[in-house]
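Fold and geometry: a report
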Amino acid sequence: MIKNDLTSHTIRVRVPGTSANCGPGFDCIGLACTIYNDLQLTLLKEPKLIIETKGEGADNIPSDDRNIVWRSIQTLLERVGADNEYKGAIIRMENHIPLSRGLGSSAAAIVAGIKAANAILGNPLNRNELLKLATEIEGHPDNVAPALFGGVTVSVVNKGQVQTFSFVPKLRLKLVVAVPDFPLATRLARQVLPTEVPMKDAIFNIGRASMLIGALIKGKERFLQNAFDDALHQPYRTGLVPGMEEVFKAAKAAGAIGVALSGAGPCLIAFTIDRDHVEQEVASSMAQAFLNNNIKTKSLILTLDIRGAVVQNN
Ligand code: HSE
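Residues numbered from 1 in each chain as written. Predicted model: local features only at pLDDT ≥ 70, side-chain atom pairs only at ≥ 80, totals over all residues. Heavy atoms only, no water.

Topic: the packing of helix α2 (residues 105–120) against helix α4 (residues 141–149)
Our working rule: Only the stretch in contact is used when fitting a helix axis, every axis being a line fitted to C-alpha atoms; angles between N-to-C directions are given from 0 to 180 degrees. Strands are runs of DSSP state E lasting at least two residues, helices are runs of H or I lasting at least four, and both sets are numbered from the N terminus onward. Roughly parallel here means an angle under 35 degrees, roughly antiparallel means over 145, roughly perpendicular means 65 to 115, and every remaining angle is called oblique. In this scheme, a crossing is called left-handed if the near helix is turned counterclockwise away from the far one by less than a right angle; it is called right-handed if the turn is clockwise. Whether two residues are in contact is decided by their heavy atoms, any of which lying within 4.5 Å being enough.
Running from N to C, α2 and α4 cross one another at 50 degrees; their axes reach a closest spacing of 9 Å. Classified by the interaxial angle, the pair formed by α2 and α4 is oblique. Here the hand of the crossing between α2 and α4 comes out right-handed. Within the contact between the two elements, α2 uses A107, V111 and K115 and α4 uses N143, V144, A147 and L148.

So this is what it looks like as structure tokens:
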């Protein structure tokens, strides 16, 4: 945990990792999970930039003006007309969310930056304006929405406006994540997608996405059986994650109720019911199935974060 003196220009924010799509909800559904990045931000009046990053990806995160936290802060400062007053920053990040793995590390960076800068400025933007800005920076809302609000989120973009419905499922879920030892750029994982899809695949996903949200809200476990399946993006991405199908089968055989590509990958996320106590077995089965395909992984056993990004008071 980052500790430091608080001045009126300094603030600390904790942001959760996120898993987008949850199978059928491509670019619309997401959830926040209990793995976090911490940011301590000081806004400076002089044009000076100090960026220190510890933890996940520290060696690969730029510490100059290409840094995504800083770029997001700059975008917010311009949006609220404070870019003439604040021209620099001290950014200290402590990261636990793996980088470029499909757990929302870029969304966390964007949300951390704008949430902290907004708080320092006395919250000129409200929740929805922050969501809109974060979506503009990221390009789609399915990671930034749960990073901001927590829980499971459904987001719709309409003429530049973003609407997000966030809820806590009536089921106690465990999230078992297999984190492969290689990164995958979202840009590449989007390049393999078709620009058009068959009507039958659209219908496949509409049914499952609707079933997923309904079953989670009502706590109807039996309706989740097929609800994490997808025909719009995962089939096109199997070539990018060796062993994906095998890992899906292994997770289900070990007791997962569903399994999906986490965001654009390469992480795979399995959903288990807390009561079943199968998460360790699901984690080992997924790791073994990946290993059969010569991929080493790290396992994370998480639950749902229900708070989203939070300004820390001390
Ligand atoms: N919905 C996005 C995708 C999430 O699957 O490409 C990645 O950030």
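Examining the pattern of salt bridges
This is how it is decided: Note on definitions: salt bridges are taken to be side-chain nitrogens of Lys or Arg within 4 Å of carboxyl oxygens of Asp or Glu. Each residue is assigned to one of three classes by its accessible area relative to the maximum for its type, calculated with a 1.4 Å probe on protein chains only: buried under 20%, partly exposed between the two thresholds, exposed over 50%.
If you walk through the whole model with that rule in mind, you get 15 salt bridges. Its salt-bridge partner being R190, residue D27 comes within 2.7 Å of it at the nearest N-O pair. Linking D27 in the loop between β1 (10–20) and β2 (29–44) with R190 in helix α5 (residues 186–191), this pair joins segments that are 163 residues apart in sequence. Relative accessible area serves as the criterion here: at 30%, R190 is assigned to the partly exposed category. With its nearest N and O atoms 3.1 Å apart, the salt bridge here joins K174 to D274. Within this pair, whereas K174 is found in strand β7 (residues 173–180), its partner D274 is found in the loop between β9 (268–273) and α9 (279–292), the two being separated by 100 residues in sequence. Taken individually, K174 and D274 each receive the classification buried, so the pair is uniform in this respect. Several salt bridges converge on common partners, so that one network encompasses R172, K174, D274 and E279.

Regarding the pairing of β7
Operational definition: Should DSSP find at least two bridges between two strands, the strands are taken to pair.
The buried fraction of β7 is high, at 8 of 8 residues. Judged by which residues are buried, β7 turns out to be covered on both faces: L173, L175, V177 and V179 on one side and K174, V176, A178 and P180 on the other are all buried. Pairing of β7 with strand β10 (residues 297–302), which is carried by 6 bridges, proceeds in the antiparallel orientation. Across the sheet, V177 pairs through a bridge with L300, a residue of β10.

What to know about the domain arrangement of the chain
Interface size is commonly expressed as the accessible area that is lost once the parts come together. Short version of the rule: Segment limits for the domains were obtained from an automatic or database-derived domain assignment. Accessible area, probed at 1.4 Å, shrinks when two parts are joined; the buried area is that loss added up over both. Counted as a polar contact is a pair of N or O atoms within 3.5 Å, where, for protein atoms, one must be capable of donating a hydrogen and the other of accepting one, and residues adjacent in sequence contribute only when both atoms are in side chains. Three classes are used: nonpolar for Ala, Val, Leu, Ile, Met, Phe, Trp, Tyr, Cys and Pro, charged for Asp, Glu, Lys and Arg, and polar for all others, with Gly counted as polar.
Considered domain by domain, the chain is made up of domain 1 (6–168) and domain 2 (173–303). One C-alpha centre belongs to domain 1, the other to domain 2; they are set 25 Å apart. Of the residues lining the interface, 26 residues belong to domain 1; the matching set on domain 2 comes to 38 residues. For the pair domain 1 and domain 2, the two sides together bury roughly 2,200 Å², of which 66% comes from carbon and sulfur. On the domain 1 side of the contact with domain 2, P24, F26 and R101 bury the most area, a combined 29% of that side's loss. Counting every contact that joins domain 1 to domain 2 gives 2 salt bridges. In this structure, E56 and K298 form a salt bridge, with 3.2 Å as the shortest nitrogen-oxygen distance. Along the contact surface separating domain 1 from domain 2 lie 14 residue pairs in polar contact (both at pLDDT 80 or more). Looking at the side of domain 1 that touches domain 2, the elements with two or more residues in it are β1, β2, β5 (152–158) and β6 (161–167). Sort the elements by how many residues they give to the side of domain 1 that touches domain 2 and β2 lands first, with 6 residues. Of the residues belonging to the side of domain 1 that touches domain 2, the class tally is 16 nonpolar, 7 polar and 3 charged.

A closer look at the pairing of strand β4 (residues 88–95)
Look at any regular strand and the pattern is simple: side chains alternate between the two faces of the sheet. What counts here: If the strands point away from the viewer and the path from the first strand over the helix to the second runs clockwise, then the crossover is right-handed.
By the criterion of burial, β4 is predominantly enclosed, with 7 of the 8 residues buried. Across 8 bridges, the pairing between β2 and β4 is antiparallel. By the bridge assignment, T42 is partnered in β4 with I90. Pairing analysis gives 7 bridges linking strand β3 (residues 49–55) to β4, with the strands arranged parallel. Along β4, the bridge assignment pairs I51 with I91. In the classification by handedness, the crossover that spans β3, the intervening helix α1 (residues 68–79) and the parallel β4 is left-handed.

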